[in-house]
Number of protein chains: 2
Amino acid sequence: MYRIAIVGYGNLGKGVEAAIRQNPDMELVAVVSRRNPEGLKTATDGVLKVSLDNVLELKGKVDALVICAGSATDLPEMTPALAKDFNVIDSFDTHAKIPEHYAKVDAAARSGGNIAMISVGWDPGMFSVTRAMSSAILPDGCDYTFWGKGVSQGHSDAIRRIEGVIDARQYTVPVESAVNKVTSGKCPELSTRDKHTRECFVVAEEGADLERIEREIVEMPNYFADYNTTVHFITKEELDRDHAGLPHGGVAIRNGRTGLKLEHTHTISYSLRLDSNPEFTSSAIIAYTRAMLRKKERGEVGCITVFDVAPADMSALSREHLISHML
Amino acid sequence: MYRIAIVGYGNLGKGVEAAIRQNPDMELVAVVSRRNPEGLKTATDGVLKVSLDNVLELKGKVDALVICAGSATDLPEMTPALAKDFNVIDSFDTHAKIPEHYAKVDAAARSGGNIAMISVGWDPGMFSVTRAMSSAILPDGCDYTFWGKGVSQGHSDAIRRIEGVIDARQYTVPVESAVNKVTSGKCPELSTRDKHTRECFVVAEEGADLERIEREIVEMPNYFADYNTTVHFITKEELDRDHAGLPHGGVAIRNGRTGLKLEHTHTISYSLRLDSNPEFTSSAIIAYTRAMLRKKERGEVGCITVFDVAPADMSALSREHLISHML
């Protein structure tokens, strides 16, 4: 039985709690929170509730901490700090800063004789796995990633910060004609605008200047200016009724050529359709937590990534079952 | 530089030769054949041509044998026999007999202190990887595999054995409505007939009884009787012009549920569109040959499968490159 503590009890942490229940070799023993841990209402009974300040109380009581916090400011501090004392896993997803995060977490984990795993989920995560495997199989080729249709929480937050906006939901939508071009085996040059559109559902204050809000959205640098963006003003009731979920998904594609004259093309597509982005991410994290702890049992320390994990280590099924039923 | 020998120089062996050229750390040093090896015309210069009877001459000269032979009768004998003296890899694809093959190859490889890998390709192979990973992430779920549209060489051969048939090409075609049902997240019961149709292009002898040939095809047990089958009679010229390639592909899908009440569904789809079935299989074999030989360098012996291989070991790219560019 692997004893797990969740650090941070938001959407992702709650997803980890649910995922642990689906895995018979996993047990939730503690939830760690920065704010008022005693006040937390967990879905699981008999769970220790611990303040982050007192996290060292858990030493010897848990096999791994699953750190469910934001990539912008929390994980860059928390994961290295906690890796000194615990086996840890996170879903750090700021792609450009992964090498820096990796180096810090690796040093911290080695200093404590622990194992750590970063950037687990679907992108980074399962999409990274398919990118690495597909480029190994088809060395001459091109890669594409399309995200959506799904809710981008960062973009929704950006709209909410505009004056006169009460609430908002932003969907990232892949451009179907671009996806079709790529899955037919071609390697087109695609701009940011060619690949995705952005669709916004916005609840505005009564009497707000809707034209100004729409202009501020579509012209917002980094977030919207490089995309074709559509804005729909709806009521709070419509938002709550039609846009309450956090669906997401996407597809990672590699086209490659083989043959003595590179005369044949092949397309590998790995696609996800997710009702709940945080719950799928949590489910991936729990499978990789198992793999990480098995590696620790074999003596491995330091930071690993999804590239270091063999499929058998992720699975609760026996080697014999996998060979008989899944190969 | 990994020194490779190909055993069996048919479509798959030629694909391996082409794949080796796309991988800078791989070198083809020998081709082994049962029949008249001196007469072989290889695309690569300076390659040793060795009779299977004299294969032990290659000991110390090659790092791995890639065995490119049939699963029905050749591989069950050849892979265990050769694993005693060499590191070996094959694409054994008779799913029901994999455990037996695994046991024999494992014992042989261990007796010689070698490493061996079986059942590499796309199914078994990459589809097996996605089945194992997806079921680890989504333990509550259902699996589906659809093959095609693509040429089945076994079914084409079966048609050729009918009296009055000169040549034939059989395509396996997934039923689109069944695929769509599954990728939308449902777990329907699907019969063999629900999942695939079979389309046959047949060249008959002049004056042959076409009605009898068609009846013999569609009623053939195991091969066609359980499917909706279409037969088209065409000329030899049409067959050579329109059906010369060996395209294939397919999709492996898992639908799974998450959440405290299992209220959310997710769909993971891994799909392939291949211009050349043997060349894609060969390309996967070469990536896994690299992984297998790296494991050997770390001291591993015995038989492994795709479930035992971490993505980083398949890739010629450095760990740093993978983390910076693919994670």
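All of these numbers come straight from a predicted model, not from anything done at the bench.

Draft legend 1. Here's a closer look at the packing of helix α12 (residues 319–326) of chain A against helix α3 (residues 98–112) of chain B. Following both chains from N to C, one finds α12(A) and α3(B) inclined at 130°, their axes separated by 8 Å at the closest point. Comparing their axes, α3(B) and α12(A) come out oblique. Residues Arg319(A), Ile323(A) and Ser324(A) of α12(A) pack against Ile98(B), Pro99(B) and Tyr102(B) of α3(B).

Draft legend 2. Structural context of the domain arrangement of chain A. Residues and elements named next belong to chain A. What the domain assignment reports for chain A is domain 1 (2–123 + 278–325) and domain 2 (141–261). Between the C-alpha centres of domain 1 and domain 2 the distance comes to 30 Å. Domain 1 puts four residues into the contact, and the matching count from domain 2 is seven residues. Buried surface at the junction of domain 1 and domain 2, summed over both partners, amounts to about 360 Å²; 65% is from carbon and sulfur atoms. Contact with domain 2 buries surface across domain 1, with Trp122, Asp123 and Pro278 losing the most and accounting together for 84% of the total. Remark: the boundary between domain 1 and domain 2 carries zero salt bridges. On inspection of domain 1 and its partner domain 2, the count reaches one residue pair in polar contact (both at pLDDT 80 or more).

Draft legend 3. Geometry of the confidence of the model for chain A. Residues with a pLDDT of 70 or more make up 100% of chain A, whose mean pLDDT is 96. Two summary scores accompany this predicted model of the complex, namely pTM at 0.96 and ipTM at 0.96.

Draft legend 4. Looking closely at the pattern of salt bridges. Residues and elements named next belong to chain A. Overall, the coordinates contain 34 salt bridges over all chains when judged by the stated rule. The partner of aspartate 157 in a salt bridge is arginine 160, and the shortest N-O contact between them spans 2.4 Å. One end of the pair, aspartate 157, and the other, arginine 160, are both in helix α5 (residues 153–160), three residues apart, so they sit about a helical turn from each other. When its relative accessible area of 27% is taken as the criterion, arginine 160 is described as partly exposed. Its salt-bridge partner being aspartate 240, residue lysine 236 comes within 3.5 Å of it at the nearest N-O pair. Here lysine 236 pairs with aspartate 240, and both are found in helix α9 (residues 236–242), just four residues apart, close to one helical turn. Here lysine 236 falls in the partly exposed class, since its relative accessible area comes to 33%. What emerges from the salt-bridge pattern is a single network uniting Asp157, Arg160, Asp167, Lys236 and Asp240.

What counts as what
Residues numbered from 1 in each chain as written. Chains lettered and ligands numbered in written order. Predicted model: local features only at pLDDT ≥ 70, side-chain atom pairs only at ≥ 80, totals over all residues. Heavy atoms only, no water. Axes fitted to C-alpha atoms, helices over the stretch in contact; angles between N-to-C directions. Helix = DSSP H or I, 4+ residues; strand = E, 2+ residues; numbered from the N terminus. Parallel < 35°, antiparallel > 145°, perpendicular 65-115°, else oblique. Contact = heavy atoms within 4.5 Å. Domains from an automatic or database assignment. Buried area = accessible area lost by both parts, 1.4 Å probe. Salt bridge = Lys/Arg side-chain N within 4 Å of Asp/Glu carboxyl O. Polar contact = N/O pair within 3.5 Å; in protein donor to acceptor, adjacent residues only side chain to side chain. pLDDT = per-residue confidence, 0-100. Buried < 20%, exposed > 50% of the residue type's maximum accessible area, 1.4 Å probe, protein only.

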